[in-house]
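# A closer look at the structure
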Amino acid sequence: MPKIVNKPEKKERLAQSAIPVFAKHGFRETKMSDVAVSADVGKGTLYEYYVSKDELFLNIFKIWFSYFSEQMQEIIGKERNPHKQLLSFFEQFFVTIEQYSELYYIYFDFWSELTRNPALNKQELVAVYQSLREMFAGVLEDGIDCKIFRPVETSVMSAGLLAISDGLLLQWLIDRTAFSLKEVGMTTITSFLDSIVA
């Protein structure tokens, strides 16, 4: 009897197996055969799920962003205060980055490739960032409705929150001894949110 394969689950497992390979070798030096070895599958199997290294690389980031989005939804389900929701999310975000810092070095490759590599579909990433901004804007709007935050342009503030996290992440990855990502991140996010408290 043939084995039933959950294709979406296997596709994600293959992407997860590729992360340490990209982190170690970088995008340009990584070969699909390296990823196949890491995933313990044949190269042909890998190509059944990803037609190119570019597609695989982009999917990793879509998975990461969906993971962070799921974290935020989980926090929203547990915590009712929008101010605390955002603080909890960013604390978890910074802790996760510190915990898995070696894997996040592919972030550099990601930004570099995105600007130079026409094979990477920027529109997919534009959609991911748009959904994150909308998610944060929704939390901010809830905070305004609850009179926790004063009225602000939530689309601008949500872009600011993402800029803080991305900017600190890149600086910290360049020199992890310069500062504690969690400490500086939470101080910055707290100051940012405190500036809009009602």
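Check the entry above for the structure.
These notes cover the structure that comes with them. Along every chain, residues carry numbers that run from 1 in the direction the sequence is written. Reporting of local features is limited, given that this is a predicted model, to residues whose pLDDT is at least 70; pairs of side-chain atoms are given and counted only at 80 or more, and all residues count toward the totals for whole chains, interfaces and linings. Hydrogens and water molecules were not included; the side-chain quantities draw on all heavy atoms of the structure.

### With respect to the packing of aromatic side chains
We call Phe, Tyr and Trp rings a pair once their centres come within 6.5 Å, taking the six-membered ring for Trp, and we label the pair stacked below 30 degrees between planes, edge-to-face above 60, and tilted otherwise. Summed over all chains, the structure comprises 12 aromatic pairs. Aromatic side chains Phe 22 and Phe 27 sit 6.1 Å apart centroid to centroid with 10 degrees between the ring planes, which places their arrangement in the stacked category. Of the two residues, Phe 22 and Phe 27, both sit in the buried class. When the ring of Phe 89 is compared with that of Phe 90, the centres are 5.1 Å apart and the planes differ by 80 degrees; the resulting orientation is edge-to-face. Ring pairing ties together the aromatic residues Phe 22, Phe 27, Phe 57, Phe 61 and Trp 64, which thus form one cluster. Any Lys NZ or Arg CZ found within 6 Å of a ring centre and within 35 degrees of that ring's normal is scored as a charge over the ring. Directly above the ring of Trp 172 sits Arg 176, whose terminal nitrogen or CZ lies 5.9 Å from the centroid. Type-normalised accessible area, obtained with a 1.4 Å probe on protein chains alone, sets the label of each residue: buried when under 20%, exposed when over 50%, and partly exposed for intermediate values.

### What to know about the packing of helix H7 (residues 122–145) against helix H8 (residues 154–174)
Orientation of H7 relative to H8, taken along the N-to-C sense of each, is 120 degrees, at an axis distance of 8 Å. With respect to H8, the element H7 is oriented oblique. Classified by chirality, the crossing of H8 by H7 is right-handed. For the pair H7 and H8, contact is made by Tyr 129, Leu 132, Arg 133, Phe 136, Ala 137, Leu 140, Glu 141 and Ile 144 and by Thr 154, Met 157, Ser 158, Ala 159, Leu 161, Leu 162 and Asp 166, respectively. In this classification, the charged set is Asp, Glu, Lys and Arg, the nonpolar set is Ala, Val, Leu, Ile, Met, Phe, Trp, Tyr, Cys and Pro, and all remaining amino acids, among them Gly, are polar. Tallied by class, residues from the contact of H7 with H8 come to 10 nonpolar, two polar and three charged. Convention adopted: a line fitted to C-alpha atoms gives each axis, helices being fitted over their contacting stretch, and angles between N-to-C directions are expressed from 0 to 180 degrees. Every helix listed is a DSSP run of H or I at least four residues long, and every strand listed is a run of E at least two residues long, numbered separately from the N terminus. Throughout, the term roughly parallel applies to angles under 35 degrees, roughly antiparallel to angles over 145, roughly perpendicular to angles from 65 to 115, and oblique to all others. Take the far helix as the reference: if the near one is turned anticlockwise from it by less than a right angle, the crossing is left-handed, and if turned clockwise, right-handed. Between two residues, a contact is recorded if the distance between any of their heavy atoms is within 4.5 Å.

### Examining the pattern of salt bridges
What counts as a salt bridge is simple: a side-chain nitrogen of Lys or Arg found within 4 Å of a carboxyl oxygen of Asp or Glu. Per the counting criterion, the structure on display carries five salt bridges. A salt bridge links Arg 13 to Glu 9; the nearest nitrogen and oxygen atoms lie 3.3 Å apart. Taken together, the positions of Arg 13 and Glu 9, both in helix H1 (residues 7–29) and four residues apart, correspond to about one turn of that helix. By relative accessible area, Arg 13 is classed as partly exposed at 46%. Across the pair Glu 113 and Arg 28 runs a salt bridge, and its minimum N-O distance is 2.9 Å. With Glu 113 in helix H6 (residues 106–116) and Arg 28 in helix H1, this residue pair connects regions lying 85 residues apart in the sequence. Exposure remark for Glu 113: the relative accessible area of 2% places this residue in the buried category. Residue Arg 28 is classed as exposed on the basis of its relative accessible area, which comes to 55%.

### Focus: the nonpolar core
In this text, buried Ala, Val, Leu, Ile, Met, Phe, Trp, Tyr and Cys residues form a nonpolar core when linked through side-chain atoms within 4.5 Å. In this structure, Leu 86, Phe 90 and Leu 193 are the most contacted members of the largest nonpolar core, which totals 64 residues. A per-element tally of this core places helix H4 (residues 53–78) first, with 11 residues. Setting aside residues up to four positions removed in sequence, Leu 86 forms contacts with Met 72, Phe 136, Val 139, Leu 140, Phe 149, Leu 161 and Leu 193.

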